[in-house]
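Listed here are the chains, written in short residue letters.
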Amino acid sequence: MKKLVALVLALTVLLTSFSAIPISAEAKVKYTKKSIDYSTKYSFGNDYLYAQYLVLSGRSNGVKKINKRLYTTAYDFMKYSKKGENEQMISYIYEYDGFNSLYDTLDIKPAYNKGKIFSVKYYYHYQHGGAPIKDTYGEAFNVKTGKLLKIADLVPKAYNPTTKSGYKKLRKYVYKKLKKKYSSSEYMPDIADTFNRKYDTKKALNEAKYVLTSKGKLYMYFMTYDLSNNADGCLFVKIPSKYA
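Quick caveat, the model's predicted, so the values are computed rather than measured.

Engineer: Just checking my understanding: could you explain the pattern of salt bridges for this structure?
Structural biologist: Any two side chains of opposite charge can pair, on the condition that their charged atoms come close. Inspection of the entire model under this criterion finds 7 salt bridges. The partner of Asp153 in a salt bridge is Lys147, and the shortest N-O contact between them spans 3.3 Å. Assessed through its relative accessible area of 21%, Asp153 is described here as partly exposed. When salt bridges with common partners are traced through the structure, they connect Lys150, Lys203 and Glu207 into a single cluster.

Structure (structure tokens):
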């Protein structure tokens, strides 16, 4: 009898311990931050020239593919740059325009990180005097396979732009959102119509830039000058997400 009671207690403890282990859907990918940094400080100003990227932990083929893409993005951004290359430019701009800093930077930051999905946000900042250009967009990956995800992988089935009905529904949805959000601006009156002209195929809409946030919200992003002739920065609208 005592042995039976002891066995029941042992099983209870074992089951309790298993229930405390997070399920795989809640697992998070670990990562470290690295950078390629050619920034230089001068007596007359600063030259910010760098790319910061992420390195995911693990040795699976999926993780290797993601790490290769993130590193390649950072490397390609920096490959034509070298430390000290902007010394004369920053000196000239400081003397004639009053600017004391140049920016040519890329920051890759983590966003959604749950289960098999990992997303990042790319922040670009360019300013060599005059108005700055700041662009943002994101990418999401299947950690298990390393697949780069597109809009069709992130929206509910009804909005899948690779299907005829989904394409029409999502395109109409984005058009209305752009019309409502930006049509009141005197500088950007044709944003929605420009979107309709440029994203007039299933492929174009499916490959549109996006950001999948840390909370699973999904935004379609348009880079500076993509839908407007003005340097107003990124334009974006929220679209349905199956991870929100």
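Engineer: Help me understand helix H2 (residues 61-78) in this model?
Structural biologist: Since the α-helix packs 3.6 residues into each turn, any two residues three or four apart lie on the same face. The terminal C-alpha atoms of H2, which comprises 18 residues, lie 26 Å apart, in line with the 26 Å expected from a rise of 1.5 Å per residue. Within the sequence span of H2, burial applies to Gly62, Val63, Ile66, Asn67, Leu70, Thr73, Ala74 and Met78. Each buried residue of H2 sits inside an arc of 140 degrees when the element is viewed along its axis, so together they form one side. Pointing more than 90 degrees away from the buried face of H2 are the exposed residues Asn61, Lys65 and Lys68. Its buried side turned inward, H2 meets strand S1 (31-37), strand S3 (45-56), strand S4 (101-114), strand S5 (117-127) and strand S6 (133-142).

Engineer: Even after reading the chapter, I still don't get the packing of aromatic side chains, so can you show me in this structure?
Structural biologist: How two aromatic rings sit relative to each other is set out by the distance from centre to centre and by the angle between their planes. Enumeration according to the criterion identifies 14 aromatic pairs in this entry. On the basis of an interplanar angle of 55 degrees and a centroid distance of 5.7 Å, the ring pair of Phe77 and Tyr124 is categorised as tilted. Highlighted residues: Phe77 in helix H2 and Tyr124 in strand S5, separated in sequence by 47 residues. Between Phe195 and Phe222 the ring centres are 5.8 Å apart and the planes differ by 75 degrees, which places this aromatic pair in the edge-to-face class. Placement of Phe195 in helix H6 (residues 191-198) and of Phe222 in strand S8 (residues 218-222) is noted, with a sequence separation of 27 residues between them. The buried category is assigned to Phe195, whose relative accessible area is 0%. Take Phe222: its relative accessible area is 0%, and that puts it in the buried class. Three or more aromatic residues joined by ring pairs make a cluster, and in this case those are Phe77, Tyr122, Tyr124 and Tyr137. Lying across the ring of Tyr123, Lys109 places its NZ or CZ 5.3 Å from the centre. In this structure, Lys169 is placed above the aromatic ring of Tyr159, and the distance from its NZ or CZ to the ring centre is 4.8 Å.

The rules we used
Residues numbered from 1 in each chain as written. Predicted model: local features only at pLDDT ≥ 70, side-chain atom pairs only at ≥ 80, totals over all residues. Heavy atoms only, no water. Salt bridge = Lys/Arg side-chain N within 4 Å of Asp/Glu carboxyl O. Buried < 20%, exposed > 50% of the residue type's maximum accessible area, 1.4 Å probe, protein only. Helix = DSSP H or I, 4+ residues; strand = E, 2+ residues; numbered from the N terminus. Expected span 1.5 Å × (residues − 1). Arc of directions from axis to C-beta. Contact = heavy atoms within 4.5 Å. Phe/Tyr/Trp six-rings, centres within 6.5 Å; stacked < 30°, edge-to-face > 60°. Lys NZ or Arg CZ within 6 Å of the ring centre and 35° of its normal.

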